[in-house]
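Geometric and topological summary
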Amino acid sequence: MLKVMNGKVSFGRVVKDAFLGRDAIRFGSFFGLFSFLWKLVNNGLKLYRGTDDRINGAIAGAVAGLAILIESHERRVTFAQQMFIRSMQGVYNAGKFRGQFSFRHGDALLFSIGSAQVLYAYAMHPDTIPKEFFGFMIKTARVPAEVLAFNRTRVRGFPLDLSQVRTVVERLRPTERALATIANMSETVEALPCAALHPWIDSCRQTNVERFTQVTREIFPVYATLNFVPLIVLRMKKLLKDPVNVLSKTTFNTLRSSIFLAIFVSGYQTQVCAHRNMLAAGWRVGNNKYLYWLIPLICGGASIFMEQESRRAELAMYVLPKAAESLYKILYRKNWVKGVKNWDVMMFSFAMSLIMSFYQQEEQVLSPFVTRLIYHVLGRN
């Protein structure tokens, strides 16, 4: 829908891909086979064992999880990561409901840690996060990939190619002051200055205000799609029953989510600018790579409380798989971990074993999103 709104593709093409595209056919086949295998194994175990318990659900979930083999490798990885995180959320909630453990604002902490890893990858290891997601981050932060590469060069202690820096900056409608700063910059400058990070505006404060308004305006349609489409598809009865209240609440939550992301992005930029200004003022704060892990940890922890409490866990569940994938790739590159063949299939089957055992007997520990999704696919057994 966003591509249609932006004029990048026709509505007819979107509808065709949604119903007849390769991914759509695989996706539908995967859900159909999963449903068939789960009901077959679960009901077979019920007849054989003479009882209906979470053990049946766990075994049936593990077997049904093999249906993921229908999907492409890239999508298997995505599904495995998401469902593993959701299964761990179920384990945590089960322990919390039993009074075994509880951690106040644990969702905010997980979001902050996940964001720290993802933003560290964005700055230092962009090839460890999905290409489309990295492109979204570049567009949102408005710092070109080439500028990030220049920054990595200096963090790692290598000299800059000043001609390349000038070429990139000159494409970004720089001010005269920014051009003068770049012209006088040393190839061994400790950190890339703000004149290279936002050359079209000299003032860091003005840049951060612009970043806030720009992100709010551009991300609002995205959150509107994410909030209103599920409302129409999954909660139509609630919408028809009280349309004014439901629509006003959804609109408010959409604006709230947009402001949350704007605070996150502008907060990150503010801290980076503050670091550069401290260096310019003579402070010996260095330009260590772990600074790019600490900065998003702080702004993630601060901005997440703008979101409604029920959404914080969902945001943590969204960012954690990407953070885990990035961390794994970095560690694998350093030979600190080894690869496991078909780990995505094993992880997905394990996750679905836990999730379906909870769904069988204790569905309240699962997130509402997961419960609604399973119910619409499987119904009540």
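Let me begin by describing the structure that accompanies this report.

What counts, and where the lines are drawn
Residues numbered from 1 in each chain as written. Predicted model: local features only at pLDDT ≥ 70, side-chain atom pairs only at ≥ 80, totals over all residues. Heavy atoms only, no water. Helix = DSSP H or I, 4+ residues; strand = E, 2+ residues; numbered from the N terminus. Buried < 20%, exposed > 50% of the residue type's maximum accessible area, 1.4 Å probe, protein only. Core = buried A, V, L, I, M, F, W, Y, C linked by side-chain atoms within 4.5 Å. Contact = heavy atoms within 4.5 Å. Salt bridge = Lys/Arg side-chain N within 4 Å of Asp/Glu carboxyl O. Patch = residues over 30% accessible without salt bridge, like charges linked within 9 Å, V, L, I, M, F, W, Y side chains within 5 Å. Areas by Shrake-Rupley, 256 points an atom, 1.4 Å probe, with all protein chains shown as cover. 1 Å grid on protein atoms, 1.4 Å probe; cavity = no way out; pocket = protein on both sides within 12 Å on 5 of 7 lines; lining within 4 Å. Points joined across faces, edges and corners; volume = space filled by probe spheres on them. Expected span 1.5 Å × (residues − 1). Arc of directions from axis to C-beta.

Describing unusual backbone geometry
In this model, His105 sits at a positive phi of 60 degrees, which is unusual for a non-glycine residue. For Asn335, which is not glycine, the phi dihedral falls at a positive 65 degrees. With respect to the secondary-structure elements, Asn335 resides in the loop between helix 16 (309-333) and helix 17 (343-361). In this structure Asn335 comes out as exposed when scored by relative accessible area, which is 58%.

Comments concerning the nonpolar core
Of all hydrophobic cores here, the largest spans 54 residues; its most connected members are Phe111, Tyr122 and Tyr268. If you tally residues by element for this core, the top one is helix 6 (residues 106-124), at 9 residues. Aside from chain neighbours lying at most four places away, what touches Tyr268 is Leu119, Tyr122, Ala123, Tyr292, Ile295, Pro296 and Cys299. One finds Ile68, Phe79, Met83 and Ile374 within the second-largest nonpolar core, a separate group that totals 27 residues.

Looking at the pattern of salt bridges
Counted according to the given criterion, the structure contains 12 salt bridges. Its salt-bridge partner being Asp344, residue Arg76 comes within 3.1 Å of it at the nearest N-O pair. Residue Arg76 is found in helix 5 (residues 73-97), and its partner Asp344 is found in helix 17; the two are separated by 268 residues along the sequence. Of the residues examined, Arg76 reaches a relative accessible area of 14% and is grouped as buried. Between Arg86 and Glu314 there is a salt bridge, and its shortest N-O distance comes to 2.8 Å. Of the two residues, Arg86 sits in helix 5 while Glu314 sits in helix 16, which places them 228 residues apart along the sequence.

A short note on the side chain of Glu71
Mapping Glu71 onto the fold places it in the loop between helix 4 (54-64) and helix 5. Owing to a relative accessible area of 2%, Glu71 belongs among the buried residues under this scheme. Here Glu71 is in contact with Arg26, Phe27, Phe30, Arg76 and Phe79, once residues within four sequence places are set aside.

Remarks on a nonpolar patch on the surface
On the surface, Val229, Ile232, Val233, Met236 and Leu240 cluster together into a nonpolar patch covering about 460 Å² of accessible area. Residue assignment for the nonpolar patch shows that the elements contributing at least two residues are helix 12 (204-234) and helix 13 (236-241). Counting residues per element, the nonpolar patch draws most heavily on helix 12, at 3 residues. Given the relative accessible area of 59%, Val233 is considered exposed.

A short note on the layout of surface pockets
Quantified by volume, the second largest pocket comes out at close to 330 Å³. If you go around the second largest pocket, you meet 17 residues; those closest to its centre are Thr181, Pro193, Cys194, Ala195 and Asn277. Within the residue set of the lining of the second largest pocket, elements represented by two or more residues are helix 10 (176-183), helix 11 (194-197) and helix 14 (243-280). The leading source of residues in the lining of the second largest pocket is helix 14, at 4 residues.

Considering helix 15 (residues 291-303)
In this model, helix 15 (13 residues) spans 18 Å end to end at C-alpha, consistent with the 18 Å of a helix rising 1.5 Å per residue. Burial in helix 15 covers these residues: Tyr292, Ile295, Pro296, Cys299, Gly300 and Ser303. Each buried residue of helix 15 lies within a common arc of 120 degrees when the element is viewed along its axis, so the set occupies one face. Where helix 15 is buried, its residues touch helix 6, helix 8 (145-155) and helix 14.

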